[in-house]
Amino acid sequence: MRKILLVSFVFLILAKAMGQQFPDNSLGKMIHYLEGEQSLFIQTNNGSVLIQVYTPDIFRIHLTKGAITDDFSYTVVGKPYPCRMILQYTTGGINILTDSLVLEIRTDPVRFAFKTPDGEVINEDDPALGTTWVGEEVTTYKILREGEHFLGLGEKTGNLDRRGEYHVNWNTDNFAYRVTDDEIYSSFPFYIGVHHGLCYGIYLDNTHRSYFNFGASNDRFSSFGAEAGDMDYYFIGGPDISSVISEYTWLTGRIPMPPLWALGFQQCRWSYFPDKEVLNTARTFREKKIPLDVVYLDIHYMDAYKVFTWHPTRFPHPENMINELKSLGVQTTVIIDPGVKVEPGYPAWEDGLARNIFIKYPDGKEYMAQVWPGWCHFTDYTKAEARRWWGEQFKELVDQGVSGFWNDMNEIASWGEGATPSIVRFDWDGKGASYRQAKNVYGMLMARSTYEGVKPLMNGRRPLVLTRAAFSGAQRFTAIWTGDNVASEEHMMLGCRLVNSLGISGMPFSGVDIGGFSGEASASLFARWLTIGTFTPFFRVHKAYNQNTSEPWTYGEEVESIARNYISLRYRLLPYLYSSFYRSSKSGLPVNQALVVEHPDDEQCWNIEFQHQYLFGPNLLVAPVESQQRFARVYLPEGQWYDFFTGDRNEGKQTILADASLDKLPVYARGGGFIPMQTVTQSTSESPANTLFVHVYYGTVPSSYLYYEDDGLTVDNEKGTFMTCEFIYDPDDRQILIGKKSGSFASKFSHIALMLHGFDTTQNNWKLNSQPVRPERSTIDLCSALAESDPLFLGGRKFEQKVHVLNLDGFGEKQVISW
């Protein structure tokens, strides 16, 4: 690689010596080339090109007007690994072949076309425009293909399909953003194109303000570019959307397994104080039998909003409060902002100043801006020493028992948003960078510094890190929420699209402020939003200061009952959800997955009417509905789909009219799918009953499901202490297999109850390990948390369905059920 960079510099000098000019235009004609190890360097009369083969499916295309000198990235962690690469020299071009892709390079002018091995065009440059510079701004133009769909860009408003849209990546503190606002909190410069049964992804590794045009006001091209920096992008070949997502997350990293409690219900407001209010809130959840795992402390827990402090009168004994919350099964998460108050005598500021860890002006003076504490300096997370320093500051909070760390205001936000001068300088790990280059990645690096800092302090326990601002690669360190949303139907539905898009963009652990952060939600809006939140990876209610509180019981008895039922259902589903997170940690696939990921050829899945629908894990289809709707049109893709609450079966490839009463969100289980569930607990610190209820739904298509379990709390899983078990459904051989347990972890479940939905049990032909058995008939209700005899029961519908049950041994040897 160093040889390539040196040659680039030498060729650049030669080109200049030959009188070549570097005007504001495209790459121009190839004048030199050099083959390297899984790479090809090309010098043109207007720039330099480095092509690297990372895998048979991933090509890096690095273009610059000058010599290629920068090979640094905060986001890319995947490294090229050995694979077959063949160069073919043709009249007017060079081809690079791998087992999966062909890159055709035209040499006059230099242009790129990616094809399948049998010659189908996946993606190609516009022949006239290619990659073009206008001043520092660089843009790559691609031919816009007929019928091409576009997905991705993470936290972007607009439609799930980006076709016809234009988006800008510039992390922005956008309080109460409108549903049409483009620049909000995070940037994920990655998208997926789909056309004619082909699929590809493009990741632009440039942290400057970037632009993506998917045929907005033009029918000629799609394009992507940045206001400065190199054109450095990764092309990812298919063959399908899932594969592209997996390859992209191999490149930028995947999530670690979160603590199990981070998947439970979380309650937040700006702000719970003093400590008595925090404890009373947690106790009320327990008294009302509404499960809860996390309570949040917003900025009022701090002394004058100074990070790493406690307010002396509101929280005089924080460790006592945290311990009492733990006795209730509740974890504590605190907010931490990047601004460090300028105040002599304040330890964090004095130490940070002495250790030279703050952002600076070019003359070396620390940059200063106003935010909650007043005038602040800001940690330079692009500096390795500053990242270490930041992590050290959490020691006291961790020692006091804090388990979650909520990074906010990290766009960077300050009073007078947008006024931060571009000349502000960052260390950029010794290379130096301006605010223009560092702004978009600042929040991700804050989350990285927090995660890498607190993890070694937690005595082997997993932390929860939550961020508002992020960039590609943030999934390695943090969960994300979609910022300061509004209590409205439109924002509720937008949140579904944002979470689906974040999942497509490699960020599976995401969620929204349920009920809306700003504004007052009606009782029906809050109830509907919470039912949708039940089927969202990150499940938190949050409300702004000086507004009504937003605990479930504040909206009346009907809503309290709905909330209890659905939050309890969330806890029943934790084995299923936790296994889905394991799948994400290994494959990068979303937890909430837009229907088009699995069904790109089904145009109804691209239909705007159904763009909010998604799979929650692999086997539950969720159809979000506005709160005033009592019936909803729901599209069911290919297969068989069972109403999750009633058991009614529907054939796929059709639109149905579904019951969407306030207490019944349209949710469907996939025929042939497995959904492992447990008994209700009031928090994840409480053990469920020792039976795992494995629901399986009759279907006509074979399937498999990987069940996962570990202790849910420590990092022992990273050392191999976990278990997996494969469930297989084979309708052709009329068999269900519970596979042999793999791994050293001892399951918390000693029994398995196989819950059979839609199977014909009238024939006496059922066998367990070749021995005759008879499934027992049973009636279940998956959505009622309380018995009618419970004093807390507030009424409401019951959703009973008939199933048949086979009681099996726990995990161990393979068990074969046949019929």
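Bear in mind that the values here come from a model prediction, so they are computed numbers and not experimental data.

Analysis parameters
Residues numbered from 1 in each chain as written. Predicted model: local features only at pLDDT ≥ 70, side-chain atom pairs only at ≥ 80, totals over all residues. Heavy atoms only, no water. Helix = DSSP H or I, 4+ residues; strand = E, 2+ residues; numbered from the N terminus. Rg over C-alpha atoms; globule rule 2.2 N^0.38 Å. Buried < 20%, exposed > 50% of the residue type's maximum accessible area, 1.4 Å probe, protein only. Contact = heavy atoms within 4.5 Å. Pairing = 2+ DSSP bridges. Axes fitted to C-alpha atoms, helices over the stretch in contact; angles between N-to-C directions. 1 Å grid on protein atoms, 1.4 Å probe; cavity = no way out; pocket = protein on both sides within 12 Å on 5 of 7 lines; lining within 4 Å. Points joined across faces, edges and corners; volume = space filled by probe spheres on them. Nonpolar A, V, L, I, M, F, W, Y, C, P; charged D, E, K, R; others polar. Expected span 1.5 Å × (residues − 1). pLDDT = per-residue confidence, 0-100. Polar contact = N/O pair within 3.5 Å; in protein donor to acceptor, adjacent residues only side chain to side chain. Salt bridge = Lys/Arg side-chain N within 4 Å of Asp/Glu carboxyl O.

### Quick notes on the overall build of the protein
Then comes step 1: Helices and strands together make up the secondary structure of the protein, namely 14 helices and 53 strands.
Then comes step 2: What you see for the protein is a C-alpha radius of gyration of 27 Å, in line with the 28 Å of a compact globule of 819 residues.
Then comes step 3: Split into buried and exposed, the 819 residues of the protein put 65% on the buried side.
Then comes step 4: Looking at the protein alone, contacts between residues at least 24 apart form 70% of all its contacts between residues at least 6 apart.

### What about the sheet that holds strand β16 (residues 198-204)?
Then comes step 1: Taken in spatial order, the 8 strands line up as β1-β2-β3-β4-β19-β16-β15-β12 in an open sheet, and their pairing is antiparallel. Two strands in the sheet have a free side with no partner beyond their single neighbour: β1 (30-36) and β12 (149-152). Between one strand axis and the next, the sheet turns by 20° as a mean value, whatever way the strands run.
Then comes step 2: Set on the sheet, helix α2 (residues 241-252) makes contact with β3 (48-55), β4 (58-64), β12, β15 (190-195), β16 and β19 (231-237); between it and β16 the angle comes to about 25°.

### A word on empty space enclosed by the protein
Then comes step 1: Enumeration over the complete set of coordinates arrives at 3 cavities of 30 Å³ or more.
Then comes step 2: Roughly 180 Å³ of internal volume is contained in the largest cavity.
Then comes step 3: Along the lines of polarity and charge, the residues of the lining of the largest cavity split into 13 nonpolar, 2 polar and 3 charged.
Then comes step 4: In this model, the second largest cavity occupies a volume close to 100 Å³.

### As for the sheet that holds strand β25 (residues 374-378)
Then comes step 1: With antiparallel pairing, 3 strands are arranged side by side in an open sheet as β23-β25-β24. Since the sheet does not close on itself, it has two edges, and those belong to β23 (339-341) and β24 (369-371), each with one partner. Between one strand axis and the next, the sheet turns through 60° on average, direction left out of account.
Then comes step 2: For β23 and β25, the ladder comprises 3 bridges, and the chain directions are antiparallel. Looking at β25, one finds that Gly339 is bridged to Phe378.

### Quick word on the layout of surface pockets
Then comes step 1: As a volume, the second largest pocket reaches approximately 410 Å³.
Then comes step 2: Forming the walls of the second largest pocket are 24 residues, and the residues nearest its centre are Leu260, Thr684, Asp711, Gly712 and Lys748.
Then comes step 3: Of all the secondary-structure elements, those providing two or more residues to the lining of the second largest pocket are α12 (574-587) and β45 (703-709).
Then comes step 4: Residues of the lining of the second largest pocket, tallied by class, amount to 11 nonpolar, 7 polar and 6 charged.

### Looking at α12
Then comes step 1: For α12, built from 14 residues, the straight-helix expectation of 20 Å at 1.5 Å per residue is met to within 8% by its first-to-last C-alpha distance of 20 Å.
Then comes step 2: Most of α12 sits inside the fold, with 12 of its 14 residues counted as buried.
Then comes step 3: Of the positions making up α12, those classed as buried are Leu574, Pro575, Tyr576, Leu577, Tyr578, Ser579, Ser580, Phe581, Tyr582, Ser584, Ser585 and Ser587.
Then comes step 4: Positive phi appears at Gly588, one or two residues downstream of α12, with a value of about 80°.

### Considering the confidence of the model for the protein
Then comes step 1: Here the protein shows a mean pLDDT of 95. Residues at 70 or above account for 97%.
Then comes step 2: Within the model, the stretch residues 6-24 combines pLDDT values under 50 with 33 contacts to residues more than four positions away or in other chains.

### A word on the environment of Arg462
Then comes step 1: Of note, Arg462 is situated in the loop between α8 (435-454) and β29 (464-467).
Then comes step 2: With 143 residues separating them in the primary sequence, Arg462 and Cys605 have C-alpha atoms 37 Å apart.
Then comes step 3: Beyond its immediate sequence surroundings of up to four residues, Arg462 is in contact with Met257, Pro258, Pro259, Trp261, Tyr578, Asp710, Asp711, Gly712, Leu713, Thr714, Val715 and Asn717.
Then comes step 4: A polar atom in the side chain of Arg462 sits 2.8 Å from the backbone oxygen of Pro258.

### Notes on the pattern of salt bridges
Then comes step 1: According to the stated counting rule, one finds 43 salt bridges in the structure shown.
Then comes step 2: Put simply, Arg436 and Glu136 hold a salt bridge, and the shortest N to O gap is 3.0 Å. A residue pair is termed long-range when its members are at least 10 positions apart, and Arg436 in helix α8 and Glu136 in the loop between β10 (131-134) and β11 (137-143) qualify at 300 residues.
Then comes step 3: Overall, the relative accessible area of 24% leaves Arg436 in the partly exposed class.

### Points about the side chain of Ser550
Then comes step 1: Tracing the backbone through its elements, the reader meets Ser550 in the loop between β34 (540-541) and α11 (557-572).
Then comes step 2: A distance of 2.8 Å separates the side chain of Ser550 from the side chain of Tyr555, its partner in a polar contact.
Then comes step 3: Discounting chain neighbours no more than four positions away, the residues touching Ser550 are Gln267, Arg269, Phe526, Val541, Lys543 and Tyr555.

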